[in-house]
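Each chain, written out:
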Amino acid sequence: MFQLGKTIVSEELIEKDFVCNLNACKGQCCVDGDAGAPLEDQETEILVDIYADVKPFLRPEGIAAIENQGAFVKGADDEWETPLIDGSECAYVIYSESNTAKCGLEEGYNQGITSWKKPVSCHLYPVRVKEYTELTAVNYHKWEICDPACALGDELKMPIYKFVKEALVRKFGQSWYDELETIAKDHTK
């Protein structure tokens, strides 16, 4: 771990390689698990505001889950998260013709309907962020369903921090990322 501003960052972001391989995993990170995607406080308001705009992209079972539970829910850890369909997949999941799980929120963004891409926790994955009183922990979340992404990352020599650059800049800012890049260069010498 190393400190970067008010964050504590795992060296794994520099040392481990990762590139999502949707052809292999079919987006299982949006389907498996026992909780929805973590949400920041301001993202709950965004979900409420854009729901009508993204609703046409969602599946009927996702719409039913959202209309029954709300655009967001309080999880078992007392944190905000996206609602689930029958305790399984995220209510905002849609499927491609090849049966790959995708994000209905991101589809609305990609089609220019909304200006918000998706929850930052999803954008950052496999990086997970945990807020503490004084510092923010920035860690790599290893999950066996992402083994194909690790293999592709190794093949392409793509460190995690570079793969999630856009999301890290979105979360922490360009200067934070630039400093991370400098640390990474020194770390890998």
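A brief look at the structure comes next. (Residues numbered from 1 in each chain as written. Predicted model: local features only at pLDDT ≥ 70, side-chain atom pairs only at ≥ 80, totals over all residues. Heavy atoms only, no water.)

A look at the overall build of the chain
When helices and strands are counted, the chain shows 10 helices and eight strands. For the chain, whose C-alpha radius of gyration is 17 Å, the value lies close to the compact-globule estimate of 16 Å for 189 residues. Burial analysis of the chain (189 residues in total) assigns 45% to the buried set. For the chain, long-range pairs separated by at least 24 residues make up 65% of all intrachain contacts whose partners lie at least 6 apart in sequence. Summed over its atoms, the accessible surface of the chain is roughly 10,200 Å², and 49% of this surface lies on carbon and sulfur atoms. Between the mean site of the 19 positive side-chain charges and the mean site of the 34 negative ones, the chain shows a separation of 5 Å. (Helix = DSSP H or I, 4+ residues; strand = E, 2+ residues; numbered from the N terminus. Rg over C-alpha atoms; globule rule 2.2 N^0.38 Å. Buried < 20%, exposed > 50% of the residue type's maximum accessible area, 1.4 Å probe, protein only. Contact = heavy atoms within 4.5 Å. Areas by Shrake-Rupley, 256 points an atom, 1.4 Å probe, with all protein chains shown as cover. Lys, Arg positive; Asp, Glu negative; His and termini not counted. Charge placed at Lys NZ, Arg CZ, Asp CG, Glu CD.)

Brief notes about the nonpolar core
Counting residues in hydrophobic clusters, the biggest one holds 27 residues, and the most contacted among them are Val-9, Leu-13, Tyr-161, Leu-168, Trp-176 and Leu-180. Secondary-structure elements contributing two or more residues to this core are strand 1 (2-4), helix 1 (12-15), helix 6 (120-124), strand 8 (136-140), helix 7 (147-156), helix 8 (160-163), helix 9 (165-172) and helix 10 (174-187). Looking at this core, the element that brings in the most residues is helix 10, giving four residues. In this structure Leu-180 touches Phe-2, Leu-4, Val-9, Ile-14, Tyr-161 and Leu-168, once residues within four positions along its chain are discounted. Core analysis: the second largest hydrophobic core is formed by 21 residues, Leu-47, Ile-63, Val-93 and Trp-116 among them. (Core = buried A, V, L, I, M, F, W, Y, C linked by side-chain atoms within 4.5 Å.)

Section: the side chain of Lys-117
By the secondary structure assignment, Lys-117 is in the loop between helix 5 (104-110) and helix 6. When its relative accessible area of 17% is taken as the criterion, Lys-117 is described as buried. Within the structure, the side chain of Lys-117 is placed 3.4 Å from the side chain of Glu-166, a separation counted as a polar contact. Setting aside anything within four residues of it in sequence, one finds Lys-117 in contact with Leu-105, Glu-106, Tyr-109, His-123, Glu-166 and Arg-170. (Polar contact = N/O pair within 3.5 Å; in protein donor to acceptor, adjacent residues only side chain to side chain.)

Topic: the pairing of strand 7 (residues 127-131)
Where strand 7 lies against strand 8, five bridges are found, and the strand directions are antiparallel. Looking at strand 8, one finds that Val-127 is bridged to Tyr-140. Hairpin geometry of strand 7 and strand 8 is characterised by an intervening segment of four residues between the two adjacent antiparallel strands. (Pairing = 2+ DSSP bridges.)

Structural notes on the pattern of salt bridges
Going through the model one piece at a time under the given rule, you end up with 10 salt bridges. Ionic pairing is found between Arg-59 and Glu-61, a salt bridge with its closest N-O pair at 2.9 Å. What makes Arg-59 buried here is its relative accessible area of 15%. Through salt bridges with shared partners, one network takes in Glu-106, Lys-117, Lys-118 and Glu-166. (Salt bridge = Lys/Arg side-chain N within 4 Å of Asp/Glu carboxyl O.)

Description of helix 10
Across its 14 residues, helix 10 extends 20 Å between first and last C-alpha, which sits within 8% of the 20 Å expected from 1.5 Å per residue. For helix 10, every residue scored as buried is listed here: Trp-176, Tyr-177, Leu-180 and Ala-184. All buried residues of helix 10 fall inside an arc of 95 degrees around its axis, so they share one side. Residues of helix 10 that are exposed and angled more than 90 degrees away from the buried face: Ser-175 and Lys-185. In this structure, the buried side of helix 10 is in contact with strand 1, strand 2 (7-9), helix 1, helix 8 and helix 9. (Expected span 1.5 Å × (residues − 1). Arc of directions from axis to C-beta.)

Some points on a negative patch on the surface
Judged by side-chain charge, Asp-41, Glu-45, Asp-49, Asp-77, Asp-78 and Glu-79 come together as a negatively charged surface patch. Here Glu-45 shows up in helix 3 (residues 41-54). Residue class for Glu-45 comes out exposed when judged on its relative accessible area of 53%. (Patch = residues over 30% accessible without salt bridge, like charges linked within 9 Å, V, L, I, M, F, W, Y side chains within 5 Å.)

Description of the packing of aromatic side chains
Evaluated as defined, the whole model comprises five aromatic pairs. Consider the rings of Phe-18 and Phe-163, whose centres lie 5.6 Å apart with planes at 55 degrees: the pair is tilted. Residue Phe-18 is located in the loop between helix 1 and helix 2 (22-25), and its partner Phe-163 is located in helix 8; the two are separated by 145 residues in the primary sequence. Residue Phe-163 is classed as partly exposed on the basis of its relative accessible area of 29%. (Phe/Tyr/Trp six-rings, centres within 6.5 Å; stacked < 30°, edge-to-face > 60°.)

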